[in-house]
Amino acid sequence: MNLEKIFEKVSNRMISDFEEAKDALNHSGLKGTANEEIVKIFLRRYLPKTLDISSGQIADSEGGVSKQLDIIIHDAHKTPIFYQSADTRVIPIECVYAVIEVKAYLNKTELNTSLQNMKSVKSLKKKAFFTPHPQQSIIKRYDMFGKIWDYWPTTYFIFAFDSPDLTSVQTNLYQLQNSIEIHKRIDSVCIIKKGVITNKRITDNTFTLLPEPKTVSFSCGTKKSILLFYSLFTMVFNKADMEPFNIQPYLGEMVFGDDH
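Counting restarts for each chain, with residues numbered from 1 along the sequence as it is written. Given that the model is predicted, a residue must reach a pLDDT of at least 70 before its local features are reported, and side-chain atom pairs must reach 80 or more before they are shown or counted; all residues, however, enter totals for whole chains, interfaces and linings. Values shown for side chains rest on all heavy atoms present in the structure; no hydrogens or waters enter the calculation.

**Remarks on the packing of aromatic side chains**
Moving on, step 1. Only the six-membered ring of Trp is used, alongside the rings of Phe and Tyr, when aromatic pairs are assigned; centres must lie within 6.5 Å, and planes under 30 degrees apart are stacked while those over 60 apart are edge-to-face, with the rest tilted. Applying the stated rule across the entire model yields 23 aromatic pairs.
Moving on, step 2. On the basis of an interplanar angle of 50° and a centroid distance of 6.4 Å, the ring pair of Phe 82 and Phe 245 is categorised as tilted. Separated by 163 residues along the polypeptide, Phe 82 in the loop between strand E2 (69–75) and strand E3 (83–85) and Phe 245 in the loop between helix H5 (225–237) and helix H6 (248–251) bring together distant segments of the chain.
Moving on, step 3. Note on Phe 245 and Tyr 250: the rings are 5.7 Å apart at their centroids and 55° apart in plane angle, and the pair reads as tilted. Note on accessibility: Phe 245 and Tyr 250 belong to one class, buried.
Moving on, step 4. The rule is short: NZ of Lys or CZ of Arg within 6 Å of the ring centre and within 35 degrees of the ring normal puts a charge over the ring. If you follow Lys 147 out to its NZ or CZ, it ends over the ring of Trp 149, 4.5 Å from the centre. Numbering of helices and strands starts at the N terminus; helices are DSSP runs of H or I of at least 4 residues and strands are runs of E of at least 2. Throughout, exposure labels follow a simple rule: accessible area from a 1.4 Å probe, protein chains only, divided by the maximum for the residue type, with under 20% read as buried, over 50% as exposed, and the rest as partly exposed.

**Describing the side chain of Lys 40**
Moving on, step 1. Note that Lys 40 resides in helix H2 (residues 28–46).
Moving on, step 2. We treat Lys and Arg as the positive residues and Asp and Glu as the negative residues; His and chain ends play no part in the count. Throughout this description, the term salt bridge denotes a Lys or Arg side-chain nitrogen within 4 Å of a carboxyl oxygen of Asp or Glu. This buried residue, Lys 40, is left without a salt bridge; Glu 37 holds the nearest opposite charge, at 4.6 Å.
Moving on, step 3. Counting of polar contacts relies on pairs of N or O atoms within 3.5 Å, with two restrictions inside protein: one atom must be capable of donating a hydrogen and the other of accepting it, and residues adjacent in sequence are counted only when both atoms are side-chain atoms. Side chain to side chain, Lys 40 and Ser 55 meet in a polar contact 2.5 Å long.
Moving on, step 4. The contact criterion used throughout is that any non-hydrogen atoms of two residues lie within 4.5 Å. Every residue in contact with Lys 40, bar those within four places of it in the chain, is listed here: Ile 53, Ser 55, Asp 70 and Ile 71.

**Description of unusual backbone geometry**
Moving on, step 1. Here the phi dihedral of Ala 86 falls at roughly 55°; this positive angle occurs in a residue that is not glycine.
Moving on, step 2. For Ala 86, the location among the structural elements is in the loop between E3 and strand E4 (88–92).
Moving on, step 3. By relative accessible area, Ala 86 is classed as exposed at 66%.
Moving on, step 4. Positive phi, normally seen in glycine, also occurs at Asn 205, with a value near 65°.
Moving on, step 5. Given a relative accessible area of 52%, Asn 205 falls into the exposed group.

**As for helix H4 (residues 166–177)**
Moving on, step 1. Multiplying 1.5 Å by the helix residue count minus one yields the expected span of that helix. Its 12 residues place the ends of H4 17 Å apart at the C-alpha level, agreeing with the 16 Å of an ideal helix rising 1.5 Å per residue.
Moving on, step 2. Listed as buried for H4 are Leu 166, Val 169, Gln 170, Asn 172, Leu 173 and Gln 177. Burial along H4 is one-sided: seen end-on, the buried residues are contained in an arc of 165°.
Moving on, step 3. Lining the buried residues of H4 we find helix H3 (108–122), strand E9 (188–191), strand E10 (195–201) and strand E12 (215–221).
Moving on, step 4. By the N-cap criterion, in which a side-chain oxygen at the helix start approaches the backbone nitrogen of a residue two or three places on, H4 is capped by Asp 165, the distance to Thr 167 being 3.0 Å. The directions considered for the arc are those from the helix axis to the C-beta atoms.

**Considering the environment of Lys 22**
Moving on, step 1. Looking at the element boundaries, Lys 22 is found in helix H1 (residues 3–24).
Moving on, step 2. Taking the C-alpha atoms as reference, Lys 22 lies 9.4 Å from Gly 32; in sequence the two are 10 residues apart.

**A closer look at the packing of H3 against H4**
Moving on, step 1. Throughout, an axis means a line fitted to C-alpha atoms (over the contacting stretch in the case of helices), and angles, computed between N-to-C directions, take values from 0 to 180 degrees. Running from N to C, H3 and H4 cross one another at 40°; their axes reach a closest spacing of 10 Å. Taken together, the axis directions place H3 and H4 in an arrangement best described as oblique. As H3 packs across H4, the resulting crossing turns out to be right-handed. Where H3 approaches H4, its residues Lys 108, Leu 111, Asn 112, Leu 115 and Met 118 are matched on the opposing element by Val 169, Asn 172, Leu 173, Gln 175, Leu 176 and Gln 177.
Moving on, step 2. Throughout this entry, Asp, Glu, Lys and Arg are counted as charged residues, while Ala, Val, Leu, Ile, Met, Phe, Trp, Tyr, Cys and Pro are counted as nonpolar. The remaining residues, Gly among them, count as polar. Its residues placed into classes, the contact of H3 with H4 shows six nonpolar, four polar and one charged. Geometric relationships in this document are graded by angle, where less than 35 degrees denotes roughly parallel, more than 145 denotes roughly antiparallel, 65 to 115 denotes roughly perpendicular, and other angles denote oblique. Here is the rule for handedness: rotate from the far helix to the near one, and if that takes an anticlockwise turn smaller than a right angle the crossing is left-handed, while a clockwise turn gives right-handed.

So this is what it looks like as structure tokens:
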């Protein structure tokens, strides 16, 4: 099987669909929706079926709510839906593995917008899980961002169809978020017509989707951007898992039976 040829065709088809939508639609909102759908179709075809895809907002048990999000990747089997209307959902942060923001053209203004959207997601608190039983023999831990986590931390990516020069996008992204804690950043960027902005380990020069203490931001100009991003993405998200969700913290002090 020739993965390079398969993903070359995938990339060409996505670009063709993007250009067709750009030519056919005048309204920016309709174009945005069409672009999101192109990426969703790709993800639904190629991601593991343990992952589900939604659009909408994410909430936490302390009352926090994210901004409107293009693509939310969450657990396909354990995610309760708090609200749904057409294609829009509200789901709890505990069940969310990743968010992908879709951009037609990723310039500095759009990067700034993405940074604010990312902060609205990564500021949410993940804590509504059942406490493991003291005698439980296996307790899961997740090694991500150079730390050990009791739960899967939410990740954030940008998928764009085009942009200015890739190095300038990387420079702007670095300047915007270099002072932010590693796990609270935009993690990687795929620009289908330009390449991928990701992370490279200093120790062995290998790519990693998520930043770590010993990685540097790296821009890889390539026509195989979809294949590179997909490869890095699957290496992380084939391991995605979550602890059992507990709705009780979302109910707070709610009283039942005395509400007539």
